[in-house]
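Spelled out, the chains give:
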Amino acid sequence: MTYKIANIINTQRLKWVSVFLLAGASMNIQAKPLDYEKPTADIEGPRSCFWNRGPFSADPYINVAYPDANVFYWAATFTIPKGAKLEVDGEFAHARYQSLISYDERGRPQDSVADYLIAPKLNNTNPYQTGADRQAEERSYSIAVQTGMPPQIERGVMQRNTVRTDIYAPSYRKDQQLLIYRIYLPDEKASITGGVPLPEPVLTLSDGKRLRGDDACAALKTGQQLKIDPNALNISAEKYVALRDQADKPATWPATNPSSWYIQYDREFLLSMYSGEKVKMGRRSEGGFYPNLDNNYIRTIVNRKFGKVLVLRAKMPNISKSFYGERKHADADLRYWSICSNQSFANTRVTDCLFDEEVPLDKNGYYTIVVSREEDRPRNAKRECGVAWLEMAEDGDGLGDEDMAVVQIRNLLASPDFPHAVQKILKPGDEKAVMQEYFPKSHYMMPSMFEAVFPCI
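Residues numbered from 1 in each chain as written. Predicted model: local features only at pLDDT ≥ 70, side-chain atom pairs only at ≥ 80, totals over all residues. Heavy atoms only, no water.

### So, the pattern of salt bridges
A side chain of one charge can pair with a side chain of the opposite charge if their charged atoms are brought near each other.
Here is step 1 of the chain: Summed over the entire model, instances satisfying the criterion amount to 25 salt bridges.
Here is step 2 of the chain: Among the salt bridges present, the one from aspartate 245 reaches arginine 244, with a minimum N-O distance of 2.8 Å.
Here is step 3 of the chain: A residue is classified by how much of its surface remains accessible, and aspartate 245, at 47% relative accessible area, is partly exposed.
Here is step 4 of the chain: Classification of arginine 244 by relative accessible area gives buried; the value is 10%.
Here is step 5 of the chain: If you follow the salt bridges from partner to partner, you end up with Arg304, Lys305, Arg373, Glu375, Asp376, Asp401 and Asp403 in one network. (Salt bridge = Lys/Arg side-chain N within 4 Å of Asp/Glu carboxyl O. Buried < 20%, exposed > 50% of the residue type's maximum accessible area, 1.4 Å probe, protein only.)

Take a look at the structure:
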């Protein structure tokens, strides 16, 4: 049952180099425009003249900004010509979730349009709507891209009686606009694009002329340099090490035993996990690195100096199953749940993730997850024993502390009727009280202790 993105992609023999992180100076990261007619041999795979950065995911792909290892992301940078209108035409992917999200130069999300909100074209089906046929053959849509500021709506929670016909992508720095296209968990038998082509730009110029594909990309200047703040992707190594290695703090700082979990707000709140400073709550789900507005997160810092194995136990929310090609879409507590092991805020790499359907549950719906290095994995930390295993990187945070990791849990598109979602936490410190049995209880152990306490029955 274990689903690893690499297993799907190896059949396509994709190799990637980092286009997103080419050397830059000052406030810009310069991304060399791609030559689409003669692509280089070491940059293969599913991208287009519009979606020319990505896919971002776990190794062996471009691994930056804490991607979920079971998800693929593509980025497009462009400028809509004055008086022109841009639409994105596509087909709904065979996957758990897809969306378009716009960002500013600091990697802060501006607007999000999730799959279920999009009206399908005439005589087509949106497979993400309640009760819809997930395997419908006619599944096309079109959504307009606007340059204004987005509407203010509650994020991360399923909207009822709402339809979106456009997405707002505000411009920044000489009129650059940025969209990211996400596909969460393609179906088992689908490609990484969910069995459909990448969406295509359709540009209507001020004189009424319509351009598609490469012609639209040329007019949109999609090969332009990426003009973002370097801190959009990470915090500097120097700043991170200074926060980690404070003279008056213990060697395990800021990890605690049992683990302390923090909801994600803005960047200042994120860094307060290390600084220890009390800061005001910012905008929810904004403090990460190109976060998804449809997600809310809790995260903790792990340190194996407390014990080589971290054991987590909690109840799993009901989720909208999809991976094995379910025929009908069913709403649930959450659209998607995952837990990921990451490295530091400086390199923002994901080590591995587990998604909901690959986590074994006991008869009461509870999971037991072990986080450890490969060398410390208990022999009974396997599905047959009712235990899921999440790998911790061998080099820890990637910057000198080999015992450290970041673990975070995603709640994607919570039902408004589910009171224990991360989305329902109104202020820091209420995580446990709101999530109740869905809040992860933790305990550090040695591998031999875990094998003794949790026999494989």
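Let's pick the thread back up.
### So, helix H2 (residues 213–220)
Here is step 1 of the chain: Restricting attention to buried positions, one finds in H2 the residues Gly213, Ala216, Cys217 and Leu220. Looking down the long axis of H2, one finds its buried residues gathered within 100° of arc, a one-sided arrangement. With respect to the buried face of H2, the exposed residues turned more than 90 degrees away are Asp214, Asp215 and Ala218.
Here is step 2 of the chain: The elements touched by buried residues of H2 are strand S2 (71–78), strand S3 (85–91), strand S9 (200–204) and strand S10 (210–212).
Here is step 3 of the chain: Lysine 221, located one to two residues past H2, shows a positive phi value of around 55°. (Helix = DSSP H or I, 4+ residues; strand = E, 2+ residues; numbered from the N terminus. Arc of directions from axis to C-beta. Contact = heavy atoms within 4.5 Å.)

### Some thoughts on the sheet that holds strand S19 (residues 441–445)
Pairing between sheet strands relies on hydrogen bonds along the backbone, with the strands arranged either parallel or antiparallel.
Here is step 1 of the chain: The strand order across the open sheet formed by four strands is S17-S16-S13-S19, and the pairing between neighbours is mixed. Where the open sheet ends on each side, the last strands, each with one partner, are strand S17 (388–391) and S19. With direction set aside, neighbouring strand axes in the sheet form an average angle of 25°.
Here is step 2 of the chain: Two strands pair when backbone bridges link them, and strand S13 (residues 309–315) and S19 are joined in this way by five bridges, in the antiparallel orientation. Directly across from valine 311, in S19, lies its bridge partner histidine 443. (Pairing = 2+ DSSP bridges. Axes fitted to C-alpha atoms, helices over the stretch in contact; angles between N-to-C directions.)

### Concerning the nonpolar core
Here is step 1 of the chain: With 60 residues, the main nonpolar core has Trp51, Trp74, Phe78, Ile143, Val145, Tyr181 and Leu220 as its most contacted residues.
Here is step 2 of the chain: Of all the secondary structure elements, the ones that give two or more residues to this core are S2, S3, strand S4 (95–103), strand S5 (109–114), strand S6 (140–146), strand S8 (177–186), H2 and strand S18 (404–414).
Here is step 3 of the chain: Counting 35 residues, the second-largest nonpolar core is a separate cluster that includes Val302, Ile339, Val371 and Met392. (Core = buried A, V, L, I, M, F, W, Y, C linked by side-chain atoms within 4.5 Å.)

### Describing helix H4 (residues 267–275)
Here is step 1 of the chain: Burial analysis of H4 places seven of its nine residues in the buried class, which makes it a mostly covered element.
Here is step 2 of the chain: Of the residues making up H4, those classed as buried are Arg267, Phe269, Leu270, Leu271, Ser272, Met273 and Tyr274.
Here is step 3 of the chain: Where H4 is buried, its residues contact helix H3 (237–244), strand S11 (262–263), strand S12 (295–303) and S18.

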